[in-house]
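Overview (structure and organization)
Here are the chains, one letter per residue:
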Amino acid sequence: AQSVTQLGSHVSVSEGALVLLRCNYSSSVPPYLFWYVQYPNQGLQLLLKYTTGATLVKGINGFEAEFKKSETSFHLTKPSAHMSDAAEYFCAVSDLRTGNQFYFGTGTSLTVIP
Amino acid sequence: DTGVSQDPRHKITKRGQNVTFRCDPISEHNRLYWYRQTLGQGPEFLTYFQNEAQLEKSRLLSDRFSAERPKGSFSTLEIQRTEQGDSAMYLCASSLGGVVSYEQYFGPGTRLTVT
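In this text the structure is predicted, and so the values were computed from the model without any measurement. The residue count restarts for each chain, going from 1 along the sequence in the order it is written. Ligands are numbered from 1 and chains lettered from A, in the order in which they are written. Where local features are concerned, this predicted model is filtered to residues with pLDDT of at least 70; where side-chain atom pairs are given and counted, the filter is 80 or more; whole-chain, interface and lining totals use all residues. Side-chain figures throughout are based on the complete set of non-hydrogen atoms in the structure, without hydrogens or water.

A closer look at the interface of chain A and chain B
- Taken together, the contact pairs 22 residues of chain A with 25 residues of chain B.
- Roughly 1,900 Å² of surface becomes buried between chain A and chain B when both sides are summed, with 50% attributable to carbon and sulfur atoms.
- Think of a salt bridge as a Lys or Arg side-chain nitrogen and an Asp or Glu carboxyl oxygen that are within 4 Å of each other. Across the contact surface, chain A and chain B share one salt bridge.
- A:Lys49 is the salt-bridge partner of B:Glu103, the closest N and O atoms lying 2.6 Å from each other.
- Contacts described as polar in this section are N or O atom pairs within 3.5 Å, which, within protein, must combine one atom able to donate a hydrogen with one able to accept it, while residues neighboring in sequence count only if both atoms come from side chains. For the pair chain A and chain B, the number of links is three residue pairs in polar contact (both at pLDDT 80 or more).
- Looking at the side of chain A that touches chain B, the elements that each hand over two or more residues are β5 (32-38), β6 (44-50), β10 (87-94) and β11 (103-104) of chain A.
- At four residues, β5(A) tops the list of elements feeding residues into the side of chain A that touches chain B.
- Residue polarity is assigned by list, with Asp, Glu, Lys and Arg as charged and Ala, Val, Leu, Ile, Met, Phe, Trp, Tyr, Cys and Pro as nonpolar; anything else, Gly included, falls into the polar class. Of the residues belonging to the side of chain A that touches chain B, the class tally is ten nonpolar, eleven polar and one charged. Any two residues whose heavy atoms approach within 4.5 Å are treated as being in contact. Defined in terms of a 1.4 Å probe, buried area is the accessible area two parts forfeit on being brought together, summed over both. Secondary structure elements are defined from DSSP: runs of H or I of at least 4 residues count as helices, runs of E of at least 2 residues count as strands, and each element is numbered from the N terminus.

Describing the state of the cysteines
- Counting rule for disulfides: a pair of cysteine sulfur atoms within 2.5 Å. As enumerated under the stated definition, the model contains two disulfides over all chains in all.
- Here A:Cys23 connects covalently by a disulfide to A:Cys91, the sulfurs 2.0 Å from one another. Around the S-S axis, the bridge from A:Cys23 to A:Cys91 shows a dihedral of about -65° and counts as left-handed. Of the two residues, A:Cys23 sits in the loop between β3 (19-21) and β4 (24-26) while A:Cys91 sits in strand β10, which places them 68 residues apart along the sequence.
- For every residue, the accessible area obtained with a 1.4 Å probe (protein chains only) is divided by the maximum for its type, and the residue is called buried under 20%, exposed over 50%, and partly exposed between those limits. Overall, the relative accessible area of 0% leaves A:Cys91 in the buried class.
- Here B:Cys23 is linked by a disulfide to B:Cys92, with a sulfur-sulfur distance of 1.8 Å. The sign of the -65° torsion about the S-S bond sets the B:Cys23-B:Cys92 disulfide as left-handed. With B:Cys23 in strand β3 (residues 19-24) and B:Cys92 in strand β9 (residues 88-95), this pair connects stretches of sequence that are 69 residues apart.
- Judged by its relative accessible area of 0%, B:Cys92 is buried.

Thoughts on the pairing of strand β11 (residues 110-114) of chain B
Residues and elements named next belong to chain B.
- In β11, alternate side chains face the same way, and those of Thr 110, Leu 112 and Val 114 are buried while those of Arg 111 and Thr 113 on the opposite face are not.
- If DSSP finds at least two bridges between two strands, the strands pair. As judged from the four bridges shared by strand β2 (residues 10-13) and β11, these two strands associate in the parallel manner. Looking across to β11, one finds that Thr 13 is bridged to Val 114.
- Relative to β11, β9 is paired through three bridges, and the arrangement is antiparallel. Counterpart to Met 89 in the pairing with β11 is Arg 111.

So, the sheet that holds β3(B)
Residues and elements named next belong to chain B.
- The strand order β1-β3-β8-β7 describes an open sheet built from four strands, whose pairing is antiparallel. Either end of the sheet is taken by a strand with one partner, and the two such strands are β1 (5-7) and β7 (65-68). Each adjacent strand pair in this sheet contributes to an overall mean axis angle of 15°, direction not counted. Fitted lines through C-alpha atoms give the axes, limited to the stretch in contact for helices. The angle between two N-to-C directions lies from 0 to 180 degrees.

Okay, here's the thing in structure tokens:
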């Protein structure tokens, strides 16, 4: 069965500092991996995705993530945090076998300190 | 078409009442999904449709939950005899279907409060 673990339910960084949000997955077949962001009282917005090909994936708003098969990880990074990055971030996994059923982690709340 | 829409955005109901939520997907998307999200958790998959066919419903939370997509366009999620534990955000998403697992586009959600 697939699953996602997001280490750290709350992360605080200073404005301008590196953002690192951790995601580890479990999948018995090659996974497809996604990061979504959720602002208060809104739906989820796709930040980036990995399906096949290049393991370093660039997304919107300066975020990127690297797929590391050996570590079963897909950590999200941004070199310099902005106040507008404060939100809830979710990692999700799916694969060809299960079709489009996404399995989400429990989320990481990012706080940016001015 | 600007995205996935859901109606209503908020619903307050008394325990035991039935509620129905509507989702309008992105027009060219043939797959539609329902999720439930409780406080502090990620979205939990409930069911999905490809066109009008409901391809997975075993993860609906109980037989009080049902979903339809009669013409392959909009979908409804009904909860009968609501319980306080049903209070949550109900999210709808849509995507293109096919071999590749395309990203899902989410609506703003319907927040249900059962009193």
